[in-house]
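Here are the chains, one letter per residue:
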Amino acid sequence: VSSGEALGMIAVYRAAQIISTSMTQLSFDAYRDGQQVTPTPLILRRPDPTESRAAFIEKTSLSLELSGNCFWRIFRDAQGRVTVLRVLNPHDVTIERDADGNVTGYGYKGQRLSDKDIQHLSLMRVPGDARGRGPIQAAQAELRGAIDTRDYSANWFQEAAVPTGILSANQPMNATQADEAKERIVASQAGKRGPLVLGGEWTYQSVYLSPEDAQWIAVRQFDTTAIARLFGIPASLMLAAVEGTSQTYTNVAQAWTEFQRFTLARYVTEIEDAFSAVLPRGTDVRANYEALLAPDVVTRYQMHLEALQAGWLTKDEVRAIEGLPPLPKGLGEAQEPVAETPAEEDTDD
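Residues numbered from 1 in each chain as written. Predicted model: local features only at pLDDT ≥ 70, side-chain atom pairs only at ≥ 80, totals over all residues. Heavy atoms only, no water.

## Let's talk about helix 4 (residues 53-67)
In an α-helix, one turn spans 3.6 residues; hence positions three or four apart end up facing the same way.
Thought 1: Look at helix 4: 21 Å from first C-alpha to last across 15 residues, which is about the 21 Å you get at 1.5 Å a residue.
Thought 2: Just beyond helix 4, the residue with positive phi is G68, at close to 80°. (Helix = DSSP H or I, 4+ residues; strand = E, 2+ residues; numbered from the N terminus. Expected span 1.5 Å × (residues − 1).)

In structure tokens, the structure reads:
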């Protein structure tokens, strides 16, 4: 199953879209000696001048998802500093190795590039194999079965050798009579309105196929759940119901946490390490999840309330987070605690 063929499946397209869309919401920051580098290096803000940062991350993510590999072409200036990173089509890249299996270079559309000209990102590295394996490469048999089921269902009415109905006679008939009766049935189904009238003792029974049978709903639903599991996508994001379970706020939130930790983290870590490798030594790149994990309104307000009650945020600081101006006359600022005056002791005259 090729990546293009797999993308033709609704569930695979949706899974790839979810991961790539999530990845484009991340920003990447550089750190040196534990301190964030400001301003953020241009290579992190715009790796390829010919496209947006989001487009670069999307191509990187989709390359990893669909082929298990991504190749960045590295361009440097006269001082050897990395100035441009460009995502190559992974299917156009070949890997050269020596007798011991070590990578010695890469081939790309007739060019030979050294390992210093290419940054190779991979999913699931298998010992002895220079290429990583993505979900599509790991589950060829299951995807082929799902594609065959879809195609069989789609071609049922056009190519399946199943009659649309059965015409029965209670008396013997010759071939001419049978052909004439068949022609009348076909003509009645070709757009002529009105009831079908049959002479003699004839009966007609339509061969009816229910939508559930025609679309193989149960099988297709199982395929969607299996593909969600293959890509590590929560069923709620795939709009797929899992039999025997109900969606609540708690388990959906837990699924989101698992999605971040056990699916997105694999892609994010690979990109972080790749960026760190092309920046000057001693520089680490970390992803910023803030935009992706922004809470809903109710959760956000509850967090603000707890911060106010705990005293580590003021009303004005909360309003600034929400994009609101400060309260007038300093009402939103932290109030100085009032010092208690010790009570005077009664003394006898």
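## Quick look at the pairing of strand 4 (residues 82-88)
Thought 1: The element strand 4 is largely enclosed, with a buried count of 5 among its 7 residues.
Thought 2: Where strand 3 (residues 69-76) and strand 4 come together, 6 bridges link them in antiparallel fashion. Looking at strand 4, one finds that R76 is bridged to V82.
Thought 3: The hairpin formed by strand 3 and strand 4 contains 5 residues between the paired strands, and G80 there has a positive phi angle of roughly 85°. (Buried < 20%, exposed > 50% of the residue type's maximum accessible area, 1.4 Å probe, protein only. Pairing = 2+ DSSP bridges.)

## As for the packing of aromatic side chains
Thought 1: Following the criterion strictly, the structure yields 5 aromatic pairs and no others.
Thought 2: Taken together, the ring pairs connect F28, F56, W72 and F275 into an aromatic cluster.
Thought 3: The ring of F75 carries the charged tip of R73 above its face, separated from the ring centre by 4.5 Å.
Thought 4: Here the guanidinium or amino end of R286 rests over the ring plane of Y31, the centre of that ring lying 4.1 Å away. (Phe/Tyr/Trp six-rings, centres within 6.5 Å; stacked < 30°, edge-to-face > 60°. Lys NZ or Arg CZ within 6 Å of the ring centre and 35° of its normal.)

## Observations regarding helix 12 (residues 297-310)
Thought 1: With 14 residues, helix 12 ought to run about 20 Å at 1.5 Å a step, and its terminal C-alpha atoms sit 20 Å apart, in line with that.
Thought 2: Downstream of helix 12 by one or two residues, G311 has phi in the positive range, about 90°.

## Quick word on the pattern of salt bridges
Thought 1: In the structure shown here, the tally under the stated rule is 9 salt bridges.
Thought 2: Of the charged contacts, one joins R81 and D77 as a salt bridge, the two residues approaching to 3.0 Å between their closest N and O atoms.
Thought 3: The exposed category is assigned to R81, whose relative accessible area is 52%.
Thought 4: Measuring nitrogen to oxygen at the nearest pair gives 2.9 Å for the salt bridge that ties R112 to E96. A residue pair is termed long-range when its members are at least 10 positions apart, and R112 in strand 7 (residues 111-113) and E96 in strand 5 (residues 93-97) qualify at 16 residues.
Thought 5: Given a relative accessible area of 51%, R112 falls into the exposed group.
Thought 6: What emerges from the salt-bridge pattern is a single network uniting E5, R144 and D148. (Salt bridge = Lys/Arg side-chain N within 4 Å of Asp/Glu carboxyl O.)

## A look at the nonpolar core
In a soluble, globular protein the nonpolar side chains are often hidden away together inside.
Thought 1: With 49 residues, the main nonpolar core has M23, W72, L85, I233 and F275 as its most contacted residues.
Thought 2: Contacts of F275, omitting those with residues within four sequence positions, involve F28, I43, L44, P47, F56, I57, W72, L85 and V285.
Thought 3: Counting 7 residues, the second largest nonpolar core, distinct from the first, contains V93, Y106, Y108 and I118. (Core = buried A, V, L, I, M, F, W, Y, C linked by side-chain atoms within 4.5 Å. Contact = heavy atoms within 4.5 Å.)

## Regarding the sheet that holds strand 11 (residues 283-288)
Strand pairing within a sheet occurs via backbone hydrogen bonds; the two strands may be parallel or antiparallel.
Thought 1: Reading across from one edge, 2-1-11 is the order of the 3 strands in this open sheet, with antiparallel pairing throughout. Of all the strands in the sheet, just strand 2 (35-36) and strand 11 have a single pairing partner and so form its edges.
Thought 2: The sheet contact formed by strand 1 (residues 27-32) and strand 2 spans 2 bridges and is antiparallel. Its bridge partner lying in strand 2, Y31 is registered against Q36.

## Re the sheet that holds strand 8 (residues 118-122)
Thought 1: Read from one edge to the other, the open sheet built from 3 strands follows the order 4-3-8, with strand pairing classed as antiparallel. With one partner strand each, in any of the chains shown, strand 4 and strand 8 form the two edges of the open sheet. Across the sheet, the axes of successive neighbouring strands diverge by a mean angle of 25°, strand direction being ignored.
Thought 2: As judged from the 5 bridges shared by strand 3 and strand 8, these two strands associate in the antiparallel manner. Residue pairing for strand 8: F71 is matched across the bridge by H120.
Thought 3: Helix 4 contacts strand 3, strand 4 and strand 8 of the sheet and is inclined by roughly 140° relative to strand 3. (Axes fitted to C-alpha atoms, helices over the stretch in contact; angles between N-to-C directions.)

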